[in-house]
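Spelled out from the first residue to the last, the chains are:
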Amino acid sequence: MAEERRVVTILFADVAGSTALGESLDPEDARMLLRRYYDIARETVTEYGGIMEKFIGDAVVAVFGFPQTHDDDPQRALGAALVLRDRVQGEADLHERLPIRVGINTGEVVAIRESAAGDFPLSGDAVNVAARLQTAAAAWSIVCGERTVASARDAFEFGPAIGVEARGKAQPVRAFELLGRSTRRPVATRTPLIGRDADLQQIELVARRALEEQRPFLVSVIAPAGVGKTRLLEEFLERLPALEPRAEIAIAQCLPYGQRLTYWPLRGVLYRLIGVPDDAKAHAVRQSIGAWLQGSGLEALDREVELLAATVGAGEMEVTDRSALLAAWRTFFEIAARRAPLVLVFEDLHWSSDSLLDLFEYVMQPRGELPLLMIALTRPELLDRRPAWGGGRRNYVSISLEPLSERDTANLVNQLLEGRSTDLVQRVVQRSEGNPFFAGELVRAIVERPGADQLPDTVQATVLARLDLLSPEERRTIQLGSIFGRGFRLSGIRALEPGLDTLEAVVDRLIDKDLIRSSGAGVVTFRHILIREVAYQTLTRSERGRLHAGAAAWLEEIAGEGDDTLTELIAYHYREAAMIATAQRPGAEETKRIREQAVKWLSHAADVATAAAASIEAARHLRSAIELAESNSLPDLYQRLGELSESGERVVDAYQTALRLCREQGRPAVQQLQILAGLLGQYMRMQGSVADRPSEKEMVELRRDAATVASRVDDAKTLAAYFAADAFFPFWISPLVHPPAGVRRLATQSAIRAATIGIRRTPEPSRTHRRVQHGGLECRAPRRPR
């Protein structure tokens, strides 16, 4: 069973006072009431694109956002809660006996995509909080978590914030009561249209031909989420009055809410053109259709009325002739275009049902000369379902929007951030990679949640919705690739999961779907870095750990002897695997093995970084190794950290810790002297970098300690380093007093002894210099771990 981390919205509903209900009703009567309640709940949740996770007694648990993610899962859950409450209240038996209360919360969970029982078990704090919110709700009320409210505030009305006590929480959970749908129209934050002049001009050219020359045209604007389809449409519609003041605009918004809503987008178009309100009753709709069609010259007007009404659920009979229904809608649009130039827009056509696509393709073939322009906004997924979309038609134009250039993206971000720092603008530009939607969401994250490193829910949901449509093999390939970063090799995927037999074909399909791109030589890259990040977030931490360890082992195999180009990458993967394994399985043998590998490769990575004069990175590798190392390795790692640390305080701390551990573990005097020589060198030669200068008494004790240890050491190199460091004592004491003659004489003797040993050993000059600089330890060339 494959586990995934997902951001979902959970709906908990139960019956307030259910214990009293059980006492007052016969068990069979109670069961019948609850069965009806369950049926309503299941129908409502399914209608809004959620799934029933389970029934527990009188409680209903529903999930929105798994296994299929939608851009608006929190809104769906809220809408379902309102409908569920209203439907239960609307039935007399249920209203009197089953006063329900609802809790809704959005958050991250671990979910099982496939289970033997056919359900989708969830676990995580978000589930527990949803249950607590439901418990805190009064009868007939709906209480929502803060994250849910933040995602849906424009579309719904909420009460003031309340605090809900939850077991295990140090602070009350911040929550809001759902009051209903918002009655105000959301005001969009309009941003300038940047980098789309050519695309806008192309739509305007087609519009002139369609509306002025009466040549019907279809324009498909195709682009992934966030690239700017809707913004481009807004700009065109804003300019439309200048092109054709008489133009009528009708917009069909496609919603992925299941078979019940097969033709739902047409409802808004029909109601707008015939002039009825959204809440018009069925008989009023039929009457208005008939009145609108009067004078059109139709012979079978009543039949036309019934066909149109039946499509939107306002008919009195069942339609059995599908071709007649398609023809009725084409006739309807032709009549509308004859009365006034018509611009018909289908938004998010990729979400439409197959039946609606069939109808749309049929309507795309109007008869005769008409001022009719049809615009379809869609994502590339539509072409997966209809590869020949628009093909072979003279009245068809396809516009594929590409990401914005770096200059245009920077211009957009500059305006959104209103003069923030250039560095911040550049980071948003680099991460958004030309996607204005993602750039806007990242800006919102910066403004609303400063310091947060989690992707905004809206971006994550947008990408997840695409990934959820992939086949299991495609989805798994994307997940495995995310382990390696922005780019990955097919051989690396095979190493992680040898069972992917048709990997090349899977990768080809992913390239066709514009999720990844080929870089040649078996290397592919994610088209957008956020795709990689969202794919990675779907993996559970345990799965990430296992895959990071596998990636490290594979990289270790392909790294040639003496080739250190992959060393830091191997170290990174082992470190990630070790950190996760330590948190989840601290005592396991496999965890111990992975930690050992991580320490070994992190240590080697420090060597490689040092060889490249990257002491800050080398020290970072060593600190990571220290977090994972066994106690017997710590003295050596802290000693090396003292050699490399980028600040005096860190050098002193590292050397002092190394010395303490050496003595606790009974390490030989030669290593203790190496550490003392480094500590003396730091204090005496680099005293300006050490904030807490030791007192003269402390320095005397430290020198005495070093001299005592030196008396037990015969290693010439270590002694030379010690004498060289001790020779700087007059320099250390000079800010306090003028060094006495005796002090200067002893220091000179130490310097001579160090130089004598150096001459006797005739080392390479560069290494002699390095030994003095780093407290007696030779800076070793990079070594491959064994």
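For the structure, check the block above.
Criteria and cut-off values
- Residues numbered from 1 in each chain as written.
- Predicted model: local features only at pLDDT ≥ 70, side-chain atom pairs only at ≥ 80, totals over all residues.
- Heavy atoms only, no water.
- Pairing = 2+ DSSP bridges.
- Helix = DSSP H or I, 4+ residues; strand = E, 2+ residues; numbered from the N terminus.
- Axes fitted to C-alpha atoms, helices over the stretch in contact; angles between N-to-C directions.
- Contact = heavy atoms within 4.5 Å.
- Core = buried A, V, L, I, M, F, W, Y, C linked by side-chain atoms within 4.5 Å.
- Buried < 20%, exposed > 50% of the residue type's maximum accessible area, 1.4 Å probe, protein only.
- Salt bridge = Lys/Arg side-chain N within 4 Å of Asp/Glu carboxyl O.
- Parallel < 35°, antiparallel > 145°, perpendicular 65-115°, else oblique.
- Left-handed = near helix turned anticlockwise from the far one by under 90°.

**Student:** For this particular structure, what's the right way to read the sheet that holds strand S15 (residues 516–520)?
**Tutor:** Pairing between the strands of a sheet is mediated by backbone hydrogen bonds and can be parallel or antiparallel. Read from one edge of the open sheet, three strands run S14-S16-S15, paired in antiparallel fashion. The sheet terminates laterally at strand S14 (487–489) and S15, the two strands that pair on one side only. On average, adjacent strands in this sheet sit at an angle of 30° to one another, irrespective of strand direction. Of the pairings in the sheet, the one linking S15 to strand S16 (residues 523–526) comprises four bridges and is antiparallel in character. Opposite Ser518, over in S16, you have Val524 as the bridge partner. Each of S15 and S16 is contacted by helix H21 (residues 503–512), which is oriented at about 115° to S15, the strand it contacts most.

**Student:** Honestly, the nonpolar core in this entry has me stumped. Any pointers?
**Tutor:** Among soluble globular proteins, nonpolar side chains are generally buried collectively. Ranked by internal contacts, the top residues of the largest apolar core, which has 63 residues, are Leu467, Ile478 and Ile516. The greatest single-element share of this core, amounting to eight residues, is contributed by helix H25 (residues 589–611). When residues no more than four places from it in sequence are discounted, the contact partners of Leu467 are Arg475, Ile478, Leu515, Val534 and Ala535. By size, the runner-up hydrophobic cluster in this structure holds 52 residues, among which are Leu218, Ile222, Leu301 and Ala376.

**Student:** What's the story with the pattern of salt bridges in this structure? I'm lost.
**Tutor:** Oppositely charged side chains can pair when the atoms bearing their charge come close. Under the counting rule described, the total for this entry stands at 36 salt bridges. With a shortest N-O distance of 3.0 Å, Arg386 and Asp358 are connected by a salt bridge. With Arg386 in the loop between helix H14 (381–385) and strand S13 (396–400) and Asp358 in helix H13 (residues 354–363), this residue pair connects regions lying 28 residues apart in the sequence. A relative accessible area of 15% means that Arg386 is categorised as buried. What makes Asp358 partly exposed here is its relative accessible area of 25%. With a shortest N-O distance of 2.5 Å, Glu433 and Arg486 are connected by a salt bridge. With a gap of 53 residues between them, Glu433 in the loop between helix H16 (422–432) and helix H17 (436–448) and Arg486 in the loop between helix H19 (472–484) and S14 connect regions that are remote in the sequence. Three or more residues joined by partner-sharing salt bridges are found here, namely Glu204, Arg231, Glu234, Glu235 and Arg239.

**Student:** Explain unusual backbone geometry to me, please; I cannot follow it from the model alone.
**Tutor:** As a rule of thumb, non-glycine residues mostly have phi less than zero, and peptide bonds are mostly trans rather than cis. For the bond running from Phe66 to Pro67, omega is 0°, close enough to zero to count as cis. Positionally, Pro67 belongs in the loop between strand S3 (59–64) and helix H3 (73–90). Positive phi, close to 55°, is recorded for Asp348, a residue that is not glycine. By the secondary structure assignment, Asp348 is in the loop between strand S11 (342–347) and H13.

**Student:** So what exactly am I meant to see when it comes to the packing of H19 against helix H23 (residues 541–558) here?
**Tutor:** Contact pair H19 / H23: the axes reach a minimum separation of 9 Å and the direction vectors enclose 65°. Judged by the angle between their axes, H19 and H23 are roughly perpendicular. Crossing of H19 against H23: the hand is right-handed. Where H19 abuts H23, its residues Arg476, Leu480, Ile483 and Phe484 lie against Glu543, Arg544, Arg546, Leu547, His548, Ala551 and Trp554.

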